[in-house]
Amino acid sequence: MFDSKKSRLKKKYNLLREKRNHNYFCNAPFTALRFHRNGGVQICCHHIDYQFLENKTLHEIWFGKELESMRKQMRNFDIPKSCNFCSSAFYSENFSNVNALSFDFLEQAQNGYPALMDFSLENTCNLSCIMCDASLSSSIQKEKNIYPLDKNFHYDDGFISQLEEFLPNLKVAVFTGGEPFLIKSYFPIWKKMIEINPKITINVTTNGTVYNSVIEDILLRGRFNITVSVDSFEAANYNCIRKGADFNKTMANVYKFAEYCKNRGSIFTITACPMQMNSSDIPGIVSKCNSEDWDISFNTVIKPWNQALWSLKSEELEDVINYYKNYNFESTTSQLASGNIKKFSSLIDLLQIWLDKTKNFEVNIKSEISINDLRKEIFNIFIAKLSETEVKNNRLLVQEKVKLVVLKIPDMLISEALLNYADKMSKEMIKNEFEQNDIDTIIDHMCIIAFNI
């Protein structure tokens with residue numbers, strides 16, 4: 001990127017930030033760590049490079065040369081390739097959707113220790129939500145008879161011992177799943193955090209379906225911010241989206257969690273996934289949260305592609321945008337409600353960017369013959385690279401999986417850019433993708449890549 005353009009974008013981007021954060025693109029490498037169920041360590045959920053606890057200690061990872069190199073890049077606004085999720089939003093000037101900004105509130109410790117840790121240690125979950133996949137839900141994994149070749153890393157007492165060095169400096173801990181309140185390994189971690197540093201703010205994102213005396217006990221010991229995922233306040237639609245949940249039971253728990261946060265002085269949030277199925281319900285969710293004095297947040301739904309709003313035809317997506325723009329919320333003097341409406345406006349901005357991309361896809365869509373030729377080339381690249389690896393499963397079955405994946409990628413996303421991306425993928429990355437994931441998950445991954453390149 002030309003220095004003049006980078007400088008212009010940097011100035012516009014920094015107008016959204018506090019002064020102390022102007023010297024680097026993202027604060028996460030200086031302040032945050034995320035733990036994956038495979039033992040991989042990242043700086044955030046969108047960062048695609050891993051270091052592994054199987055090979056290094058937590059101390060070696062945080063103070064090692066790899067992260068120090070990344071910190072140097074961030075100081076120079078040279079966004080690493082592993083941070084494509086944020087760089088694509090940054091370069092398109094969609095700054096409100098640059099996830100890096102969400103780390104700006106964290107202050108860097110003088111002793112260099114992280115202020116935030118994000119735990120996603122298991123996919124144990126009691127639901128099979130339509131926008132989820134086997135990697136995030138054990139229920140879906142069971143339904144699809146998917147048994148990953150790489151087992152979960154065992155976060156045992158040894159890991160908790162490594163954490164002890166970091167806990168005195170920790171300000172915020174984030175726990176997701178699966179369903180966090182069904183993940184047994186989280187409870188000893190919470191107890192250790194509360195024992196060593198009871199001032200840690202513990203953020204839990206839950207589907208809201210479970211609440212019992214064990215959960216209540218740990219909540220009363222610590223300081224928890226609770227986020228409950230609710231994608232519709234229309235019972236029928238909610239039950240269709242959150243398969244396995246009961247709207248009335250969830251709502252009873254929602255009010256319990258909200259009351260806990262109110263009494264504790266902590267933050268209660270409703271988070272929603274805007275999709276095709278619930279697109280008409282989204283403004284109503286904002287209105288409900290405003291009336292209850294609840295915070296609202298929106299997840300960016302890229303997958304599954306056939307539920308994502310970006311995959312609508314341009315005229316359909318335009319209808320959604322116009323509906324949102326013309327929706328009249330009740331006037332309010334509440335700062336929280338005003339903030340909710342502002343987040344809703346940011347959602348509209350994101351949909352507008354998606355609309356522009358969709359229109360561009362539609363304009364540039366190729367002939368059926370050309371699309372088929374590109375599919376064949378992408379298929380051949382995958383097969384050629386797989387042939388260079390030792391495939392653990394039946395090779396013919398893996399090849400059939402490749403064929404089905406390439407065939408099911410939507411026409412609008414089949415492009416020279418996707419072909420070039422496939423050509424640059426490492427053979428090990430391709431091998432892991434097709435060996436460890438089911439067809440629908442791989443298609444979703446390829447669609448995310450194709451939409452963002």
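Residues numbered from 1 in each chain as written. Predicted model: local features only at pLDDT ≥ 70, side-chain atom pairs only at ≥ 80, totals over all residues. Heavy atoms only, no water.

Describing the overall build of the protein
Defined as follows: The numbering of helices and of strands both runs from the N terminus, where a helix is a DSSP run of H or I of at least 4 residues and a strand a run of E of at least 2. Each radius of gyration is computed over the set of C-alpha atoms, and the globule rule expresses the reference value as 2.2 Å times the number of residues to the power 0.38. The buried label goes to any residue with under 20% of its type's maximum accessible area, the exposed label to any with over 50%, and the partly exposed label to all in between, with areas taken from a 1.4 Å probe on protein chains only. Contacts are assigned to residue pairs that have any heavy atoms within 4.5 Å of one another.
Regarding its fold elements, the protein presents 19 helices and 9 strands. Since a compact globule built from 453 residues should have a radius of gyration of about 22 Å, the 22 Å found for the protein is in line with a globular shape. Referenced to the eigenvectors of the C-alpha coordinate spread, the extents of the protein come out at roughly 65 × 55 × 50 Å. Of all 453 residues assigned to the protein, the portion counted as buried reaches 50%. Looking at the protein alone, contacts between residues at least 24 apart form 74% of all its contacts between residues at least 6 apart.

A word on the pattern of salt bridges
Should the charged atoms of two oppositely charged side chains come close, the side chains can pair. Note the cut-off: Think of a salt bridge as a Lys or Arg side-chain nitrogen and an Asp or Glu carboxyl oxygen that are within 4 Å of each other.
Enumeration according to the criterion identifies 20 salt bridges in this entry. Notably, a salt bridge pairs Lys 12 with Glu 93, separated by 2.5 Å at the nearest N-O pair. Separated by 81 residues along the polypeptide, Lys 12 in helix H1 (residues 3–14) and Glu 93 in the loop between helix H5 (84–91) and strand S4 (116–120) bring together distant segments of the chain. Residue Glu 93 is classed as partly exposed on the basis of its relative accessible area, which comes to 28%. For Asp 231, the salt bridge is made with Arg 242, and the minimal N-O distance between the two is 2.6 Å.

Remarks on the pairing of S4
Keep this limit in mind: Think of it this way: DSSP has to see at least two bridges between two strands before they count as a pair.
Summarising burial for S4: 5 of the 5 residues are buried, a large majority. Neither face of S4 is open: one carries Leu 116, Asp 118 and Ser 120, the other Met 117 and Phe 119, and all of them are buried. By the bridge criterion, 4 bridges tie S4 to strand S5 (residues 172–175) in an arrangement that is parallel. If you follow Met 117 over to S5, its bridge partner there is Ala 173.

Considering the side chain of Ser 314
What counts is decided by this rule: We define a polar contact as two N or O atoms separated by no more than 3.5 Å, with the added condition that, inside protein, one atom must be a possible hydrogen donor and the other a possible acceptor, whereas residues neighbouring each other in sequence contribute only through side-chain atom pairs.
Within the fold, Ser 314 resides in helix H13 (residues 314–325). Accessibility expressed as a relative area gives 9% for Ser 314, which makes it buried. At 3.4 Å, the side chain of Ser 314 and the side chain of Glu 315 are in polar contact. Once you skip the residues sitting within four places of it in the chain, Ser 314 turns out to touch Leu 355, Thr 358, Lys 359 and Glu 362.

Some thoughts on unusual backbone geometry
Cis geometry marks the peptide bond from Gly 177 to Gly 178, where omega comes out at 5 degrees. Positionally, Gly 178 belongs in the loop between S5 and helix H8 (186–196). A positive phi angle, near 60 degrees, is found at Phe 77, a position not held by glycine. Mapped onto the elements, Phe 77 comes out in the loop between helix H4 (65–75) and H5. In this structure Phe 77 comes out as buried when scored by relative accessible area, which is 2%. Although it is not a glycine, Asp 293 adopts a positive phi angle of roughly 65 degrees. Inspection of the secondary structure assignment puts Asp 293 in the loop between helix H12 (282–292) and strand S9 (295–298). The exposure class assigned to Asp 293 is partly exposed, which follows from its relative accessible area of 48%.

Regarding empty space enclosed by the protein
Picture a little ball the size of a water molecule; that probe, rolled over the atoms, points out where space is still empty. Just so we agree on the cut-off: Grid spacing is 1 Å over the protein atoms alone, the probe is 1.4 Å, and a cavity is where that probe fits but cannot get out, while a pocket is an open set with protein on both sides within 12 Å along at least five of seven lines and lining residues have an atom within 4 Å of a point. Grid points are joined across faces, edges and corners, and a volume is the space filled by probe spheres set on the points. Amino acids are sorted into nonpolar (Ala, Val, Leu, Ile, Met, Phe, Trp, Tyr, Cys and Pro), charged (Asp, Glu, Lys and Arg) and polar (every other residue, Gly among them).
For the structure on display, the rule yields 1 cavity of 30 Å³ or more. For the largest cavity, the calculated volume is near 70 Å³. If you trace the largest cavity, you find 13 residues lining it, with Cys 26, Cys 44, Cys 83, Cys 86 and Ala 100 closest to the centre. For the lining of the largest cavity, the class distribution of residues is 9 nonpolar, 4 polar and no charged.

Concerning the sheet that holds strand S3 (residues 51–52)
Whenever strands of a sheet pair, they do so through backbone hydrogen bonds, lying parallel or antiparallel. Read from one edge to the other, the open sheet built from 9 strands follows the order S3-S2-S1-S4-S5-S6-S7-S8-S9, with strand pairing classed as mixed. Looking at which strands have only one partner, the edges of the open sheet turn out to be S3 and S9. Both strand S1 (residues 32–36) and strand S2 (residues 40–42) contribute to a ladder of 2 bridges, which runs antiparallel. In the sheet register, Phe 35 faces S2, and the bridge partner there is Val 41.

Considerations on H4
Quick note on the threshold: It is the directions from the helix axis to the C-beta atoms whose arc is reported.
By the burial criterion, the buried members of H4 are Leu 67, Met 70, Arg 71 and Met 74. Considered in projection along H4, the buried side chains sweep an arc of 105 degrees and stay on one side of the axis. Turned more than 90 degrees away from the buried face of H4, the exposed residues are Lys 65 and Lys 72. Once H4 ends, the next one or two residues include Phe 77, with phi positive near 60 degrees.

Points about the packing of H13 against helix H14 (residues 335–363)
Applicable threshold: The axes used here are C-alpha line fits, helices contributing only the stretch in contact, and every angle between their N-to-C directions lies in the interval 0 to 180 degrees. Angular relationships are summarised with four words: roughly parallel below 35 degrees, roughly antiparallel beyond 145, roughly perpendicular across 65 to 115, and oblique for the angles in between. Definitions for this section: a left-handed crossing has its near helix turned counterclockwise from the far helix by less than a right angle. A right-handed crossing has that turn clockwise.
It is the contact of H13 with H14, at a shortest axis distance of 9 Å, that shows an interaxial angle of 160 degrees. Compared by their axis directions, H13 and H14 come out roughly antiparallel. In this structure, the crossing between H13 and H14 has a hand that is left-handed. For the pair formed by H13 and H14, the contact residues are Ser 314, Leu 317, Glu 318, Val 320, Ile 321, Tyr 324 and Lys 325 on the first element and Phe 344, Leu 347, Ile 348, Leu 351, Gln 352, Trp 354, Leu 355, Thr 358, Lys 359 and Glu 362 on the second. Residue composition of the contact of H13 with H14, by class: 10 nonpolar, 3 polar and 4 charged.

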